Amino acid sequence: MADVLAQSFLFGLQRDVTNNILFYDDQNIVFPCGKTCVCYNFVHKRQKFIFASEKSQGMRAMAISANRRFLAISERGGKAAITVFDLQDDEGKKRKMLSAENIVDEDFVCVAFSPNSKYLLAQTGGRECMLFLWLWEKQKVVSTMKTTNESNPVNQVSFNPYNNAQVCVSGSGVFQVLCYSEGSFKQSSFPKVVCMNFVSHAWIAEDQVITATSTGRMLVFQDGDLHWELDMAALAIPDRQVEMKKTRVRDIKEGPVLTAITSVVKYSKGFACSSKPGSVCLYEKTAKNTYRKSREIQIPRHHDNSHVTSVECQEITTMCMSPSEETLAVSTDRGQLYGINMVSVDIKKERRLHFEFLSQPFHSERITDLSVCTWKPIVATCSLDHSVRIWNYETKMLEVVKEFHDQPYSVALHPTGLFLLVGFSDKLWLMGLHVDDVCTLKDFTIQSCKECSFSHGGHLFAAASGNVIHIYSLTSFENIHSLKGHNGKISDMKWNMDDSRLVSCGMDGTLCVWNTHTGKRESETALKSCTSTSAAFTSDGRSVLTVASDHTLTELRACQMVSQVAAADIACTAMAVSRSGNVVFAGTDTGNIAAIQFPSPCEKEWMIYRAHRGPVTKMAITSDDQFLLTVSEDSCLALWKILHDHDCGTKDNKHIEETLISKSRLEDKSQKILELKVRLEEIEMENEYQLRLKEMNYNEKMRESCDKFTQQVEALEKAQQEMRRALEKQEVEHRQSYEELIRKHSKEVQDLESSYSQKLIVEHEKYLDLQDKCKNMQEDYRGQLKGAAESKSIEVEKLSQLHEVKLEEKMQLLAKCQRDEQQQSLKFQHIIKQLEEDEVRKIHDMQIKYEKKLLTEKESNKHLQEDATIIKQKLSSLQKQVDDRQADISVLKLERHKLLSVIQSLQDDIKDLKWHIGGHKRTNEDKDKTISDLKKKYQELEKFKFLLDFQLSELKKQMEPQQESINEKKERIHQLEEEMVKLDKDNTQLKVTISDLKIKMRNKDKDIRKEMQRVSKH
């Protein structure tokens, strides 16, 4: 089967990807959307796509090389892997796969390229927390290192831009500056930063790293050690120069907690950081270790969401600067992309500037519904972010955004594109779609409307509430039919082309086809042991296609199964049928799009296209059969181009351009246009007047400058003539002095040659005398060495003979001592064995006695606890008395604990006895003393046991009179329960009668309506 889909455009951003926005060049950014990486030209509004591997479950981290040619993507999946793409390859096929063999079920959480783009650094998360260094072109792991543990995760790694062998690792309680040398990483310093959470860092110099913490502090490390801190409170004052102050880790612990700084990036003039939500501050370096705040850039407030959500409170997660530093781009935790031209920042004089959208405002939460217009190239989406958005799929632009207080569940566009249905938890709203706004026209009391849809003619619309479908007329706003037949919630419903029938499927597995004229059910099919997720009519309207949770695509006609296609590992969540009827598209729970030919061929081959990272929630095909639109739980909207065969023509629909606008809005705009025209004329007049004044001022200044210039030229000519005369005089003087110096130099050279020749002769004679003396000294030393060697050998022989005699004597003494020691050890071992056997017997007897006593005490305590729990559960009135008894029981437990502690002390004494026996140092008298101590303790234990038995008997006596009252209350409770059973039976009978009366009332209301209609007709 040939390809039937091609990626056209993507709207959305994956927020949980590290470094989720990067610059490819000055006009192109790279960001992740679903399972695809988008290369977006924000000037020409064009997209290119880089697709991940087939087994990828999405992206975890991104990085781009310093030469802007290679892109590294850490992919989610069963095994930690990184894919490196060549961005200069248009098809994106040139890639390198890097994987860690021993790392399973973990991902690389952050990635970085070296300055020369040859090495790749990556950090894993989870339990391993390993740092990998690759020579990535050869797919070779150069070095690995465990940086931290699972409780202190790493969130950023980077190379020193001035050194390919130095890296920085930061995270929660982690900050390390490592150097790669001799095949391994080495750490030069070990700062104690366990208490700090480093959110981001950047290299600001060859040996300095600036870091941002979750407590709002900016710390500067030099050579891996903490040296300085930037006072953020002082830097907040514009144009104030603040010098970095020296600090220590101990001082940081004691400082106040400020707003968290989420991102830091360095540029040529200084650095930029997100010091508070929704804003970025630029700090310029004025001198060594001195900075000042130059600008503050804020996220703009949307005109329609000031009363719903605070866009300014978005947290900036990632910042990056373009290669030429012309553009600063940021991404937020709400999945939005913003940018600002840095050239305009330098030109404008305002202190506070505002970002602009690099792309369109995306959804920030799961998209729940999707609807396509027939007469216009627009599509509507609603999301859990409380917004409804209208997109134009031809211009790839967002046209209207409307945010609500409540969460919209469903959305439907009228075929004309002038009206809109939005379902909420309490009502269904009919709204008018204006040029730049959505206005409410009518509300319907339909609660929890999860599905709604206009008919193809636009005169009817259907809305599902629970397991009931309501059909309304758009002209009279009357409820024409209420379709009941599902036992579970309705998951999908579709109209046929002539609007005569409606198909619906529910979570209970039933599929119903309704006649919209009569409101009756034409057919019903129940899918066993599965739920039907989506259904649709075929292009001819004779059959119904449905996908279910049992991984099948089923074709039904007149309640009978015509065909069924099974997908091995595809669980379909949504479905769409092309208007030509040749292809069926299905969205899966893994976010992929599956396509199959229809009618189903014998091969039953599915084409799989990687799209979203979450389950596909809805999908729809445009009226001209050119585009497929899909939405997912990953908050992304995908636009696909449907590829048709050459013999399969498509309809060339011309879309209408009409739109709605309110009269008041039109009058306001015309009034604003008039005001702007008047203002423009006034500005032109003012500009002309100021230009004339400037021309007059410039002419006067030109005359003054010309006069000054002529005077200066004349003065310079006079000075030049005087300097020429002075130069001629100086040249004559220099020539004369030069000749005299040459003469003096020749005389001095001759005198030096004669004096140094005499000195050389004298020194040569001294050298010959020294040589003779040295020869005589060498001969004397040789004779002395020979004599010393002979005397040494004689003395060594004498000493060796004396030591051999002493060794023989010592050996004889050792043999005697060993024999005596063996005899004494045998006697001592025999004594030890007898003592051990006696002690073991005594200890065993004592253990048996104490174990029996403990068992009896445990059983008695268990009985008391059971009685106390029964009293707690059934008698609330006697709670105070039971609490008193429990206090007594707790006292007994304390005494029992004392007994256990005594037993433990006895066991410790037994261990001490064993240790003393093994040491062979204790005597029998000490053992007798310990035995007497044990007997005394045993007597104390018997006394404690007697006291416990006495207290238990008293407790039993106190419990007997209370047992009688307990039995009486049990009987009373049993009587009350019987009365409650009788009342429940009466209530159920009353409910049945009430439901019957309600049904009769509804039937009567229908009869009255029919009679009223007949009367009105007559």
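Remember, predicted model here, so these are calculated numbers, not experimental data. Per chain, residues are indexed from 1 in the order of the written sequence. The predicted nature of this model means local features are confined to residues of pLDDT at least 70 and side-chain atom pairs, given and counted, to a pLDDT of 80 or more, with totals for whole chains, interfaces and linings taken over all residues. With hydrogens and water stripped out, all remaining heavy atoms of the structure feed into the side-chain values.

A. Expanded view of the environment of N392. Position of N392 relative to the elements: it lies in strand β35 (residues 387-392). Think of it in three bands: residues with accessible area under 20% of the maximum for their type are buried, residues over 50% are exposed, and the middle band is partly exposed, with areas taken using a 1.4 Å probe on protein chains only. The class of N392 is buried, set by a relative accessible area of 8%. Linking N392 and I378, residues 14 residues apart in sequence, is a C-alpha distance of 4.4 Å. By definition in these notes, contact holds between two residues if any of their heavy atoms fall within 4.5 Å. Contacts of N392, omitting those with residues within four sequence positions, involve P377, I378, M397 and E399. Helical segments are the DSSP runs of H or I of at least four residues, strand segments are the runs of E of at least two, and each set is numbered from the N terminus.

B. Main features of the side chain of S200. Note on placement: S200 falls in strand β18 (residues 198-203). Separated by 3.4 Å, the side chains of S200 and Q156 make a polar contact. Those residues in contact with S200 that lie beyond four places of it in its chain are Q156, I210, T211, A212, T262, S263 and V264. N or O atoms closer than or at 3.5 Å make up a polar contact, with two conditions inside protein: a donor-capable atom paired with an acceptor-capable one, and, for residues adjacent in sequence, both atoms drawn from side chains.

C. Local environment of a positive patch on the surface. Only residues whose relative accessible area exceeds 30% and that take part in no salt bridge are eligible for patches, with like-charged residues grouped when within 9 Å of each other and nonpolar side chains (Val, Leu, Ile, Met, Phe, Trp, Tyr) grouped when within 5 Å. Accessible areas in this description were obtained via Shrake-Rupley with a 1.4 Å probe; residue shielding takes into account the shown protein chains only. When a carboxyl oxygen of Asp or Glu is within 4 Å of a side-chain nitrogen of Lys or Arg, the pair counts as a salt bridge. We score Asp and Glu as negative and Lys and Arg as positive, and we do not count His or the chain ends. For the purpose of locating charges, the reference atoms are NZ of Lys, CZ of Arg, CG of Asp and CD of Glu. Residues K484, K520, K998, R1002, K1006, R1009, K1010, R1014 and K1017 make up a contiguous surface patch of positive charge. The biggest single contributor to the positive patch is helix α6 (residues 924-1017), with 7 residues. By the element assignment, R1009 lies in helix α6. We classify R1009 as exposed; its relative accessible area is 59%.

D. Broad picture of a negative patch on the surface. Negative charge collects at one region of the surface, where E960, E964, E968 and E971 lie side by side. Here E968 is to be found in helix α6.

E. Main features of the sheet that holds strand β45 (residues 490-495). Pairing is antiparallel in the open sheet, where 4 strands are placed in the order β45-β46-β47-β48. Two strands bound the open sheet, and with one partner strand each, they are β45 and β48 (521-526). On average, each strand axis in the sheet is tilted by 15 degrees relative to the strand beside it, whichever way the strands run. Two strands are counted as paired when DSSP detects at least two bridges linking them. Axes, fitted as lines to C-alpha atoms, cover a helix only where it is in contact. Angles between the N-to-C directions of the axes lie from 0 to 180 degrees.

F. Seen up close, the pairing of strand β47 (residues 510-515). When you tally the buried positions in β47, you get 6 out of 6 residues, the bulk of the element. Of the two faces of β47, the one lined by T510, C512 and W514 and the one lined by L511, V513 and N515 are each fully buried. As paired elements, strand β46 (residues 501-506) and β47 share 5 bridges and run antiparallel to each other. Looking at β47, one finds that S504 is bridged to C512. Connecting the antiparallel pair β46 and β47 is a turn made up of 3 residues, with G509 showing a positive phi of about 90 degrees. Taken together, β47 and the strand that follows it, β48, pair antiparallel across an intervening segment of 5 residues, in which G519 is found at a positive phi of about 80 degrees.

G. Here's a closer look at the nonpolar core. We call a set of buried Ala, Val, Leu, Ile, Met, Phe, Trp, Tyr and Cys residues a nonpolar core when their side-chain atoms join them within 4.5 Å. By size, the foremost hydrophobic cluster in this structure holds 51 residues, and its most contacted members are L5, I29, F585, I593 and L628. Residue contributions to this core peak at 5 residues, all from strand β59 (residues 637-642). Ignoring anything within four residues of it in the chain, the contact list for L628 reads L5, A576, F585, I593, M619, A620, I621, A638, L639, W640 and I642.

H. Quick look at the packing of aromatic side chains. Aromatic contacts are taken between Phe, Tyr and Trp rings whose centres are within 6.5 Å, Trp giving its six-membered ring; a plane angle under 30 degrees counts as stacked, one over 60 as edge-to-face, and the others as tilted. For the structure on display, the rule yields 27 aromatic pairs. Plain terms: the ring middles of F175 and F221 are 4.0 Å apart, the flat faces sit at 25 degrees to each other, and that makes the pair stacked. In this pair, F175 is assigned in strand β16 (residues 174-181) and F221 in strand β20 (residues 218-222), connecting sequence segments 46 residues apart. F221 shares its class with F175; the two are buried. Note on F454 and F461: the rings are 5.8 Å apart at their centroids and 65 degrees apart in plane angle, and the pair reads as edge-to-face. Classification of F454 by relative accessible area gives buried; the value is 7%. Counting every residue linked through ring pairs, the aromatic cluster contains F9, F11, F31, Y40 and W391. Definition used: whenever NZ (Lys) or CZ (Arg) falls within 6 Å of the ring centre and also within 35 degrees of the ring normal, the charge is taken to sit over that ring. Between the NZ or CZ atom of K450 and the centre of the ring of Y409, over which it lies, the distance is 5.0 Å.

The values reported here are purely geometric and, on their own, carry no functional implication.
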